[in-house]
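# Chains, contacts and geometry: an overview
Chain by chain, the residues run as shown.
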Amino acid sequence: MKNFRIIKDRPAGFFAEFDKRPKTLRHNMHYCPGCGHGVLHKIVAEAIAEFGIKDRTTFISPVGCAVFGYYYMDCFGISTPHGRAPAVATGLSRAHKDGVVISYQGDGDLAAIGFNEFIHTVNRGENICYIFVNNAIYGMTGGQMAPTTLVGQRTSTTPNGRDAVEDGIPFRIAEIVASQPNPVYVERVSLGAPKEIMKARAAIRKAIKNTMERKGLSFVEVLSPCPIGLKKDAAGITKFLDEEMTKIFPLGKFKDVAAERAPVEHRVPVYDKDKVRAALFPQADDISQSSLRADFRNTSPIFDKERRIKVAGSGGQGVLSLAYIIAHMGRLRNFNVTYLPTYGPEMRGGTADCSVVASRREIASPVVDSNANMLVALNQPSLDKYLPQLKPTGIIVYDSSSITLPPIGRTQVAYGVPAAQVAVELGSTRYGNSLILGAIARMMEELFLTPEDAADFSAVVEAAIRECFADKPKIIPPNLEAFRLGKEKSFRAK
């Protein structure tokens, strides 16, 4: 390697190392060979670095193959639910006057699931830079027909080719956007031949520059190769882009009036902070009427401190319901509480997790990504993934029927309950999360509470279960039974 020298390194707009990727892949992207996303990312990263806007830019990743775009871009990054990027982008653009918002979306994310929100954003002319990746297919989820699939094109859901009568014709998104009065710049480019890539680079830089100057909505549609999804080799995918796609999606500039527009200025909102706070954080009216005491402040010093809890598992295990009940337990005791669920974007084998924070003071952030006081793990991948985030004095509550507890810290404590196994005995795996609540109550009794406080804590749990399942009264009794059984079946592992 001493005989080699780097002529041109990756753009400064990228992280120096993609440290969220496995160690052996930290210098590579996750995209398939021949995919256009890598080229497009490089164009965007170059512009961010050369314009000096890293600390002003928010890159919104799509739900699609580029969902991990924030692994690579050295700027603020955010991922949104499928199709909801326009709403998030609008909020970011209006809240941060000097911000540069780049919404990077695919044909399924923008032209299908998110089209309703997108077209209203176009109508308003929000100050957003849109990069629309059109590869004529749903690439990430198996190659289904997309709104941009060509007539006659074979996909997994159109094995005989897209039929114009049965399936409609491709959406020409750039033309639709250009027909509206408020957007200032609309162009369609391609990642086919090298000369077309250079045109794409110029278009994207112009769109970003418009956004920096707050000229309004700029939209660049990019015809991008997906050789794996479309089952074509390098020559075949280039020919498909240059000859077939451009017949339906002609390249060129459809609108460019940015020079004529003044910067977008929105009204400064006027609101009463106290009313907003009261609406967002209403005080529970029924606490004084409850048999429960108003709070724990006079019983144990642990409840005067902020508690950061991570609940994680896989889909169908009741992760979010379990976290929601824990959050309601805090609300019943007049804590400030935040509840932040996260859905894994992986196609298979991913984890769902939820952060719950309870505090007597204002909560700075709802995200629990380090220094967690408690980890509640419902499967092995979740325990392995989030155990490093647990404090040295943290507590683990886990499903011992499916999880092998690894060595833990000397001052860490673990409680296990065979939740999945006992839930099956109760008649449904849906009761596993309430069994875990029993293990949490057992832990509280043994580590922190007097007998009087322990009974009170159990009453809080049961009240939260009743409240959270109020719209499903039939499942309240079995969940209460599961909670009580969980206290009996749980054990202290260390």
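Residues numbered from 1 in each chain as written. Predicted model: local features only at pLDDT ≥ 70, side-chain atom pairs only at ≥ 80, totals over all residues. Heavy atoms only, no water.

## Section: the packing of aromatic side chains
The line we're drawing: Working definition: rings of Phe, Tyr and Trp (its six-membered ring) pair if their centres are within 6.5 Å, and the pair is stacked with planes under 30 degrees apart, edge-to-face with planes over 60 apart, and tilted otherwise. Going along the chain from the N terminus, every DSSP run of H or I of four or more residues is numbered as a helix, and every run of E of two or more is numbered as a strand. Here's how the labels work: a residue is buried when its accessible area is under 20% of the maximum for its type, exposed when over 50%, partly exposed in between, all with a 1.4 Å probe on protein chains only.
Scanning the model with the defined rule gives 14 aromatic pairs in all. Here the aromatic rings of F115 and F118 are separated by 6.4 Å at their centres, their planes lie at 50°, and the arrangement is tilted. Here F115 and its partner F118 are both found in helix 4 (residues 115-124), 3 residues apart, which amounts to about one turn of the helix. An identical accessibility class is assigned to F115 and F118; each is buried. Judged by centre distance (5.7 Å) and plane angle (45°), the rings of F118 and F219 are tilted. Placement of F118 in helix 4 and of F219 in strand 6 (residues 218-223) is noted, with a sequence separation of 101 residues between them. The same class applies to F118 as to F219, namely buried.

## Let's talk about the sheet that holds strand 6
Backbone hydrogen bonds hold the strands of a sheet together, and the pairing may be parallel or antiparallel. As a reminder of what qualifies: Strand pairing is assigned whenever DSSP detects at least two bridges linking the two strands. Axis definition: a line fit to C-alpha positions, over the contact stretch in the case of helices; interaxial angles, taken between N-to-C directions, run 0 to 180 degrees. A contact between two residues is defined here by any heavy atoms of the two lying within 4.5 Å.
In spatial order, the strands read 2-1-3-4-6-5-7; together these 7 strands make up an open sheet with mixed pairing. Each edge of the sheet is formed by a strand with only one pairing partner; in this case those strands are strand 2 (76-79) and strand 7 (252-256). Averaged over all pairs of adjacent strands, the angle between their axes in this sheet comes to 15°, without regard to strand direction. Relative to strand 3 (residues 100-106), strand 1 (residues 57-61) is paired through 4 bridges, and the arrangement is parallel. Counted as the bridge partner of T58 is V101 from strand 3. Helix-sheet contacts for helix 2 (residues 85-95) involve strand 1, strand 2, strand 3 and strand 4 (129-134), and the interaxial angle to strand 3 is about 175°.

## Here's the deal with the sheet that holds strand 14 (residues 491-492)
Taken together, the 7 strands give an open sheet; going across it, the order is 9-10-8-11-12-13-14, and neighbouring strands pair in mixed fashion. Looking at which strands have only one partner, the edges of the open sheet turn out to be strand 9 (336-342) and strand 14. One ladder, built from 7 bridges, connects strand 9 with strand 10 (residues 352-359); its direction is antiparallel. Looking at strand 10, one finds that Y339 is bridged to V356.

## Here we look at the confidence of the model for the protein chain
The condition is simple: Each residue carries a pLDDT value, the predictor's own confidence for that position, ranging from 0 to 100.
Residue-level pLDDT values for the protein chain average 87, and 91% of them are 70 or greater. Residue range residues 284-299 is modelled with pLDDT below 50. Its contacts to residues more than four positions away, or to other chains, number 29 contacts.

## A short note on unusual backbone geometry
Despite not being glycine, K231 shows a phi value in the positive range, around 55°. Turning to its location among the elements, K231 is positioned in the loop between helix 8 (227-230) and helix 9 (234-248). Backbone geometry at N334 places phi at a positive 65°, although glycine is not the residue there. By relative accessible area, N334 is classed as partly exposed at 33%.

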